[in-house]
Amino acid sequence: PPLEAMRCRCPVIATTTGAVPEVCGAATLALSPYDEAGWTREMGNVASSQTLCQNLRDAGSERALSFTWDKAARQLLDLLILHDSSLKNGNLRRN
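The paragraphs below set out a description of the structure included in this document. (Residues numbered from 1 in each chain as written. Predicted model: local features only at pLDDT ≥ 70, side-chain atom pairs only at ≥ 80, totals over all residues. Heavy atoms only, no water.)

Digging into the packing of helix H3 (residues 36-48) against helix H4 (residues 50-64)
Between two packed helices, what matters for the description is the angle formed by their axes and the separation of those axes. At a minimum axis separation of 5 Å, H3 and H4 run at an interaxial angle of 100 degrees. Between H3 and H4, the crossing angle belongs to the class labelled roughly perpendicular. On H4, the residues that touch Asn45, Val46 and Ser48 of H3 are Gln50, Leu52, Cys53 and Leu56. Its residues assigned to classes, the contact of H3 with H4 shows 4 nonpolar, 3 polar and no charged. (Axes fitted to C-alpha atoms, helices over the stretch in contact; angles between N-to-C directions. Helix = DSSP H or I, 4+ residues; strand = E, 2+ residues; numbered from the N terminus. Parallel < 35°, antiparallel > 145°, perpendicular 65-115°, else oblique. Contact = heavy atoms within 4.5 Å. Nonpolar A, V, L, I, M, F, W, Y, C, P; charged D, E, K, R; others polar.)

Comments concerning the nonpolar core
Counting 7 residues, the largest nonpolar core is built from Met6, Val12, Ala14, Val20, Cys24, Ala27 and Ala64. Apart from residues no more than four positions distant in its own chain, Val20 is found in contact with Pro2, Ala14 and Thr15. (Core = buried A, V, L, I, M, F, W, Y, C linked by side-chain atoms within 4.5 Å. Buried < 20%, exposed > 50% of the residue type's maximum accessible area, 1.4 Å probe, protein only.)

A look at the pattern of salt bridges
Counted by the stated rule, this structure contains 3 salt bridges. The salt bridge involving Arg41 is made with Glu42; its shortest N-O contact spans 3.6 Å. Of the residues examined, Glu42 reaches a relative accessible area of 14% and is grouped as buried. The partner of Arg74 in a salt bridge is Asp70, with the nearest N and O atoms 3.0 Å apart. (Salt bridge = Lys/Arg side-chain N within 4 Å of Asp/Glu carboxyl O.)

Re the side chain of Thr15
Positionally, Thr15 belongs in strand S1 (residues 13-15). One polar contact links Thr15 to Thr17, side chain to side chain, over a distance of 2.9 Å. Filtering out sequence-adjacent residues up to four positions away, Thr15 remains in contact with Val20, Pro21, Leu31, Pro33 and Trp39. (Polar contact = N/O pair within 3.5 Å; in protein donor to acceptor, adjacent residues only side chain to side chain.)

Written as structure tokens, this is what we have:
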């Protein structure tokens, strides 16, 4: 969900757990899921600051562009080729 929100140019406040930090990078405000006061504070900051909101929109939108299905497919194919000798021998060609 954070990636989809960034792609839609929504300012994102995200958790610091799981794979979310890896996906979001520095394009979001990141908080512990247990920091209730922090979440409240940052939601207020985003709601009251047009500059912060715009900065998060711009950073998130740019970050989201680095994730594409084509890139994911190519990375998976490279990994399969690296670990499967039959693919190394040309049984699956890559364009």
